Amino acid sequence: MYIFLYPDTVYLYLSSSGSKISDRFLEMGYPLKVVFRAIEEHGENDEEAILNAILTYLALETLPGEDNHVTSDPHLSDSASTYIEDLSDMNSILESQGQNKYFETMNLLEDMGFSYDEAFAAINRCGCETPIDELVEFIDAANMAKADDLQGTTLYGKKQKLDRDERWTYSVKNMQLMIGFGVPNSGMKTVDREIPAAGKGPPYFYYENVAYTPKGVWENMSRFLYEIEPEFVDSMHFSAAARKRGYIHNLPIDGRFPLLPIPPFTIQEALPLTNKWWPKWDQRTKLNCILIRHGSAEDTKKIKEELDKSGPDPPEHVRKYVLEQCRRYNFVWVGKNKVAPLDPDEIEVIMGYSKYHTRGGGISTTARYQCLGNSFQVDTVAYHLSVLKKLFPNGIKVLSLFSGIGGAEVALHKLGIPLKFVVSVESSETCRNILQSWWEQSNQKGKLIHIFDVRDVTLGKLKELMDMTEGFDLVIGGSPCNNLAGRNRYTRDGLYGDQSSLFFDYFRILDLVKKITVYRAYA
DNA sequence: ACAAGTATGACGTTTAGC
DNA sequence: GCTAAACGTCATACTTGT
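About the cut-offs
- Every chain is numbered independently, its residues counted from 1 as its sequence is written.
- The order in which chains are written sets their letters, starting at A; the order in which ligands are written sets their numbers, starting at 1.
- Under the rules for a predicted model, residues below a pLDDT of 70 receive no local features and side-chain atom pairs below 80 are neither given nor counted, while totals for whole chains, interfaces and linings still include all residues.
- As a rule here, side-chain values cover all heavy atoms of the structure and leave hydrogens and water aside.
- In this scheme, a residue with accessible area under 20% of its type's maximum is buried, one over 50% is exposed, and one in between is partly exposed, where area comes from a 1.4 Å probe on protein chains only.
- The helix count covers DSSP runs of H or I at least four residues long, the strand count covers runs of E at least two residues long, and both are numbered beginning at the N terminus.
- Looking down the strands as they point away from you, a crossover is right-handed if its path from the first strand over the helix to the second goes clockwise.
- Two strands form a pair only when DSSP identifies at least two bridges running between them.
- Neighbouring residues are identified by heavy atoms, a residue being near a molecule or strand if any of them is within 4 Å of it.
- In the analysis that follows, any N or O atom pair within 3.5 Å is treated as a polar contact, provided that within protein one partner can donate a hydrogen and the other can accept it, and provided that, for residues neighboring in sequence, both atoms belong to side chains.
- The nonpolar class holds Ala, Val, Leu, Ile, Met, Phe, Trp, Tyr, Cys and Pro. Asp, Glu, Lys and Arg form the charged class, and all remaining residues, Gly among them, are polar.
- Every residue pair with non-hydrogen atoms within 4.5 Å of one another is taken to be in contact.
- Stacked, edge-to-face and tilted labels apply to pairs of Phe, Tyr and Trp rings (six-membered ring for Trp) whose centres lie within 6.5 Å, assigned for plane angles under 30 degrees, over 60, and everything in between, in that order.
- Only Lys NZ and Arg CZ are tested; either one counts as a charge over a ring when it is within 6 Å of the ring centre and within 35 degrees of the ring normal.
- For this document, the term salt bridge refers to a Lys or Arg side-chain nitrogen within 4 Å of an Asp or Glu carboxyl oxygen.

Peer 1: Give a detailed account of the pairing of strand β9 (residues 419-425), specifying residues and quantitative values.
Peer 2: Along β9, six of the seven residues are buried, which leaves the element largely enclosed by surrounding structure. In this region the chain leaves strand β8 (residues 396-401), passes through helix α17 (residues 407-414) and returns to the parallel neighbour β9; the handedness of that crossover is right-handed. Direction of pairing for β9 relative to strand β10 (residues 447-451): parallel, over a ladder of five bridges. The partner of Val 423 across the bridge, within β10, is Ile 449. Between the parallel pair β9 and β10, the chain is carried across by helix α18 (residues 429-441), and the sense of this crossover is right-handed.

Written out as structure tokens, the structure is:
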């Protein structure tokens, strides 16, 4: 059983099978209208999705709002109040059980080498308070049973996995070039892909994170995001710097176009003043990934000393040392034998923002490096979002999660898509200031609303927001990568780490927006 | 003086691809 | 088995503001 616990939302993931699905839910006492609405949304096969939808619709009925017309149905009102009682009971049970315990146990089992599916099934069946050796025993027993079953025809789990691997062959091939479903001038024909029904919009959604994570993370994220295949793209195809990222989204991929003007594609074009000092034996034309920290003055000093010592034609081992340092810290040549880290201004432009974009908050240099290193490469994201231009010619209503310095907003704006509404959720005050400042300076005509914490975005809050905006067209964001990123030496704990587990809030909120969208469509 | 904010150097492992 | 790359964290010294 997988559990999300929030003030007015409970997600339960159950697995079972049985007879006629609608009858079973009706027998459980859920009202007819709600059961059919949920089945209409999810089909008849996905029991857990149907139950989630039923619970969400019932909760929506109890909220104040403009379209609670169904509340007049006495049957429904009864069930709704029953649900509230159930919910508070459930809250106390879950709280005593502890959500953290779930993550902890899950982590432990995965650390022991068990797959996500194995750990998931064991915790689901035995509960997360079960001693770890009993869980291991359960998994072993289950695997034995599965092995016995190999002759049979019920290889459900195995088949699912195979199908996913087959579906992903396309992107695995493209992992090497990191061109995803295509980049400009890659010569790939863009044919629209088939998106699993549960993942289709409205709303459109776009999720981003680092491409290179601990093993299994992208498979896991894809599983939550409706089994949609991730698109892995390196921003080196859009700019002078590498940036390997994965994107899961349900946007069309046919008819994409790049932002104009095309930005500089090489270091030498992007930073022409460095040419004068650039030695022949440094063959770099692209920068490595822009990170949140820059190299030290000590390192540049040491490089200068080594080169000064070895004269105009440095020996192989010196070159090797210097090049290694340059690649590691993205140094560029700024004087005779002198390298330097990139300035925040230079990074802004390479990342696709205008110069001084991050000065908006009046913030420190360190903070500018920090938030720039965490942001979208605008041209890359804009290419993917470009298909929205003809879909929303009169403007778009956006729910922007983990907005940061506003990469998504800048990309949409540069594409010429009016921003009618942006609800931005961002915990960093400096980032909120930067976005607010850009919003004012770029003369936005729409409305920008700031929210501090994704955890405040509850069902009730979303309902309220969507009554105001009349729904969202796009849910966009990249959740924290701290516990996934290769540079992290201390807490690269995976998707369940302190910060990276906020991915589940992205999913939770997206899924709620989908359900409220369906709910509103009936109003 | 003191607190809060800012800058800096030092630090190892997991991926993937050849 | 090798190379190359990676939206980072921690402790400490320094700076700024009251």
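Peer 1: Please provide a residue-by-residue account of the protein's contact with DNA strand B, values included.
Peer 2: Neighbouring residues of DNA strand B: 16 residues in total, closest Arg 293, Ser 296, Thr 366, Gly 486 and Arg 489. When atoms of DNA strand B within 4 Å of the protein are split into backbone and base, the sugar-phosphate part holds 42%. At 3.3 Å, a backbone N or O of Ala 297 approaches a phosphate oxygen of DNA strand B. Between a base nitrogen of DNA strand B and a main-chain N or O atom of Gly 486, the distance comes to 2.9 Å. When grouped by side-chain class, the residues that make up the surface near DNA strand B number four nonpolar, seven polar and five charged.

Peer 1: Account for the pairing of strand β6 (residues 332-335), naming residues and giving values.
Peer 2: By the bridge criterion, three bridges tie β6 to strand β7 (residues 338-340) in an arrangement that is antiparallel. Residue pairing in the sheet places Val 332 in a bridge with Ala 340 of β7. Where β6 folds back on β7, the antiparallel hairpin that results is connected by two residues, among which Asn 337 adopts a positive phi of roughly 60 degrees.

Peer 1: So, the side chain of Asn 250: which residues are in play, and what are the values?
Peer 2: As for its position among the elements, Asn 250 is in the loop between β5 (244-249) and α10 (267-270). What makes Asn 250 buried here is its relative accessible area of 3%. Engagement of the side chain of Asn 250 in a polar contact is seen with the backbone oxygen of Pro 203, the distance being 3.2 Å. Within the local environment of Asn 250, its side chain forms a polar contact with the backbone nitrogen of Phe 205, the two atoms lying 2.6 Å apart. For Asn 250, the contacting residues outside a window of four places in its chain are Arg 193, Ile 195, Gly 199, Lys 200, Gly 201, Pro 203, Tyr 204, Phe 205 and Ile 228.

Peer 1: Describe the packing of aromatic side chains, listing the residues and the values that go with them.
Peer 2: Applying the stated rule across the entire model yields 19 aromatic pairs. Between the aromatic rings of Tyr 207 and Phe 503, the centroid separation amounts to 5.3 Å while the plane-to-plane angle is 75 degrees, which identifies the pairing as edge-to-face. With Tyr 207 in strand β3 (residues 204-210) and Phe 503 in helix α20 (residues 503-522), the pair connects residues that are 296 residues apart, well separated along the chain. By relative accessible area, which is 0% here, Tyr 207 ends up buried. Residue classification places Phe 503 among the buried positions, given a relative accessible area of 0%. Connected via pairs of aromatic rings, a cluster forms that spans Phe 205, Tyr 207, Trp 218, Phe 224, Tyr 226, Phe 232, Tyr 496, Phe 503, Phe 504, Tyr 506 and Phe 507. Here the guanidinium or amino end of Arg 37 rests over the ring plane of Tyr 57, the centre of that ring lying 5.5 Å away. Positioned over the ring face of Tyr 226 is Lys 514, at 4.6 Å from the centre of the ring.

Peer 1: Report on the pattern of salt bridges, specifying residues and quantitative values.
Peer 2: By the definition in use, this model includes 18 salt bridges. Linking Asp 234 and Lys 244 is a salt bridge whose minimum nitrogen-to-oxygen distance equals 3.3 Å. With a gap of ten residues between them, Asp 234 in strand β4 (residues 231-234) and Lys 244 in strand β5 connect regions that are remote in the sequence. A salt bridge links Arg 520 to Asp 467, with the shortest nitrogen-to-oxygen separation between them at 3.0 Å. Linking Arg 520 in helix α20 with Asp 467 in helix α19 (residues 459-469), this pair joins segments that are 53 residues apart in sequence. One exposure class covers both Arg 520 and Asp 467, and it is buried. Taken together, the salt bridges that share partners define one network made up of Asp 345, Glu 348 and Arg 368.

Functional significance is not addressed by these values, which are geometric in nature.
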